[in-house]
Amino acid sequence: MPLLHRYASDGLIECGCDEAGRGALAGDLYAAAVVWPDTLDHPHLRDSKKLTAKQREELRRFIEEHATAWAVGVATVQEIQQINILHASMLAMQRAIEALPCTPERLLIDGNYYDPRPDEVEYHTIVKGDDRYLAIAAASILAKTHRDEYMTQQAQEYPHYGWEQNKGYPTAQHREGIRQYGSCPLHRQGFQLLQPEPLFHLDDN
């Protein structure tokens with residue numbers, strides 16, 4: 001089914017929001033906010049989890065060139081440890097929204113939770129929103145690609161964990177690196193870093 005351009009046809013400026021890195025053991029958390037043109041489509045624009053890395057990079061360039069507005073926000077490892085991963089996700093989203101060159105009038109948030117600020121505009125949480133709305137799908141791709149780029153860069157400074165492949169998620173390779181070399185300053189110390197690897201792993205973005 002084609003993704004939707006808008007939540008409502010009332011002319012309000014709608015902004016899609018999503019994050020990447022929530023389930024990782026290491027690294028900052030990234031979020032993106034995107035205002036998508038009402039008439040623009042792309043045949044491959046969808047939930048970032050359903051795309052290859054090459055497709056995501058191609059779509060990143062397309063989104064950054066053609067979106068009405070876009071921005072990326074970050075919550076650091078230190079902030080994640082201070083306020084927990086859920087609130088850090090909200091913080092990164094709010095930073096992305098605030099960095100937009102325009103002021104959105106309606107927020108479309110991927111997932112089932114949002115922590116609005118007292119003066120927040122209208123917002124809607126949408127489960128699997130990145131597979132329903134173009135603006136959220138675009139935000140998921142930007143958050144994912146910007147964070148992947150960051151983790152690949154960090155892998156050069158911390159080469160023992162395979163971040164260029166696993167991007168900080170709890171793979172067997174990553175856990176083996178922690179066993180051999182211990183954790184590093186980018187590991188989220190509140191996580192159980194060496195708990196058994198799950199039977200399957202869902203990359204949240």
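Since the structure is predicted, the reported quantities are computational estimates derived from the model, not experimental observations.

## Focus on the pattern of salt bridges
Here is step 1 of the chain: Using the criterion set out here, one finds 14 salt bridges in the structure.
Here is step 2 of the chain: A salt bridge links Asp 10 to Arg 106; the nearest nitrogen and oxygen atoms lie 2.5 Å apart. Here Asp 10, found in the segment before strand 1 (14-20), pairs with Arg 106, found in strand 4 (residues 106-110); they are 96 residues apart in sequence, far enough to count as distant.
Here is step 3 of the chain: For Asp 10, a relative accessible area of 42% gives the class partly exposed.
Here is step 4 of the chain: Judged by relative accessible area, Arg 106 falls into the buried class, the value being 3%.
Here is step 5 of the chain: A salt bridge links Glu 122 to Arg 106, with the nearest nitrogen and oxygen atoms 2.8 Å apart. Of this pair, Glu 122 sits in strand 5 (residues 122-126) while Arg 106 sits in strand 4; the two residues are 16 residues apart in sequence, bridging distant segments of the chain.
Here is step 6 of the chain: For Glu 122, a relative accessible area of 33% translates into the label partly exposed.
Here is step 7 of the chain: Taken together, the shared-partner salt bridges connect Arg 6, Asp 10, Glu 14, Asp 38, Arg 106 and Glu 122 into one network.

## Quick notes on helix 1 (residues 53-66)
Here is step 1 of the chain: Taking 1.5 Å of rise per residue, the 14 residues of helix 1 would be expected to cover 20 Å, and the 20 Å separating its terminal C-alpha atoms lies within 8% of that figure.
Here is step 2 of the chain: For helix 1, the complete set of buried residues consists of Arg 56, Leu 59, Arg 60, Phe 62 and Ile 63.
Here is step 3 of the chain: Next to the buried residues of helix 1 lie strand 3 (69-75) and helix 4 (134-157).

## Some details on the packing of helix 1 against helix 4
Here is step 1 of the chain: One way to put it is that helix 1 packs onto helix 4 with a least axis distance of 9 Å and a crossing angle of 115°. For the pair helix 1 and helix 4, the crossing hand works out as left-handed. Contacts between helix 1 and helix 4 involve Arg 56, Glu 57, Leu 59, Arg 60, Ile 63 and Glu 64 from the first element and Ala 138, Ile 141, Leu 142, Lys 144, Thr 145, His 146, Asp 148 and Glu 149 from the second.
Here is step 2 of the chain: For the contact of helix 1 with helix 4, the residue count by class is five nonpolar, two polar and seven charged.

## Quick notes on the nonpolar core
Within soluble globular proteins, side chains that are nonpolar tend to cluster in buried spots.
Here is step 1 of the chain: Grouped together as the largest cluster of nonpolar side chains are 21 residues, with contacts concentrated most on Cys 15, Cys 17, Ala 33, Leu 100 and Tyr 114.
Here is step 2 of the chain: If you tally residues by element for this core, the top one is helix 3 (residues 85-99), at seven residues.
Here is step 3 of the chain: Other than its neighbours up to four places away in sequence, Leu 100 contacts Cys 15, Ala 33, Val 35, Ala 69, Trp 70 and Ala 71.

## Some remarks on the pairing of strand 3
In summary, the side chains of a regular strand alternate between the two faces of the sheet.
Here is step 1 of the chain: Residues Ala 69, Ala 71, Gly 73 and Ala 75 line the buried face of strand 3, whereas the alternating positions Trp 70, Val 72 and Val 74 sit on a face that is not buried.
Here is step 2 of the chain: Here strand 2 (residues 29-35) pairs with strand 3 via seven bridges, running antiparallel. Considered in strand 3, the bridge of Val 35 is made with Ala 69.

## Side note on the sheet that holds strand 4
Here is step 1 of the chain: One open sheet holds the five strands; their spatial order is 3-2-1-4-5, and the pairing between them is mixed. Strand pairing shows two members of the sheet lacking a second neighbour, strand 3 and strand 5, which therefore form its edges. For this sheet the average axis-to-axis angle between neighbouring strands, irrespective of direction, equals 20°.
Here is step 2 of the chain: Where helix 3 meets the sheet, it contacts strand 1, strand 2, strand 3 and strand 4, and its direction lies at approximately 145° from that of strand 3.

## Quick word on unusual backbone geometry
Here is step 1 of the chain: Positive phi values are uncommon outside glycine, yet Asn 84 reaches one of about 80°.
Here is step 2 of the chain: With respect to the secondary-structure elements, Asn 84 resides in the loop between helix 2 (77-83) and helix 3.
Here is step 3 of the chain: Here Lys 128, not a glycine, exhibits a phi torsion of approximately 55°, which is positive.
Here is step 4 of the chain: For Lys 128, the position within the fold is in the loop between strand 5 and helix 4.
Here is step 5 of the chain: You can call Lys 128 exposed: its relative accessible area is 62%.

## A short note on the packing of aromatic side chains
Here is step 1 of the chain: In total, this model carries six aromatic pairs according to the counting rule given.
Here is step 2 of the chain: Pairing Tyr 30 with Tyr 150 gives two aromatic rings, centres 5.4 Å apart and planes at 35°, and the pair type is tilted. Note that Tyr 30 is positioned in strand 2 and Tyr 150 in helix 4, a separation of 120 residues in sequence. The residues Tyr 30 and Tyr 150 share a single accessibility class, namely buried.

About the thresholds
Residues numbered from 1 in each chain as written. Predicted model: local features only at pLDDT ≥ 70, side-chain atom pairs only at ≥ 80, totals over all residues. Heavy atoms only, no water. Salt bridge = Lys/Arg side-chain N within 4 Å of Asp/Glu carboxyl O. Helix = DSSP H or I, 4+ residues; strand = E, 2+ residues; numbered from the N terminus. Buried < 20%, exposed > 50% of the residue type's maximum accessible area, 1.4 Å probe, protein only. Expected span 1.5 Å × (residues − 1). Contact = heavy atoms within 4.5 Å. Axes fitted to C-alpha atoms, helices over the stretch in contact; angles between N-to-C directions. Left-handed = near helix turned anticlockwise from the far one by under 90°. Nonpolar A, V, L, I, M, F, W, Y, C, P; charged D, E, K, R; others polar. Core = buried A, V, L, I, M, F, W, Y, C linked by side-chain atoms within 4.5 Å. Pairing = 2+ DSSP bridges. Phe/Tyr/Trp six-rings, centres within 6.5 Å; stacked < 30°, edge-to-face > 60°.

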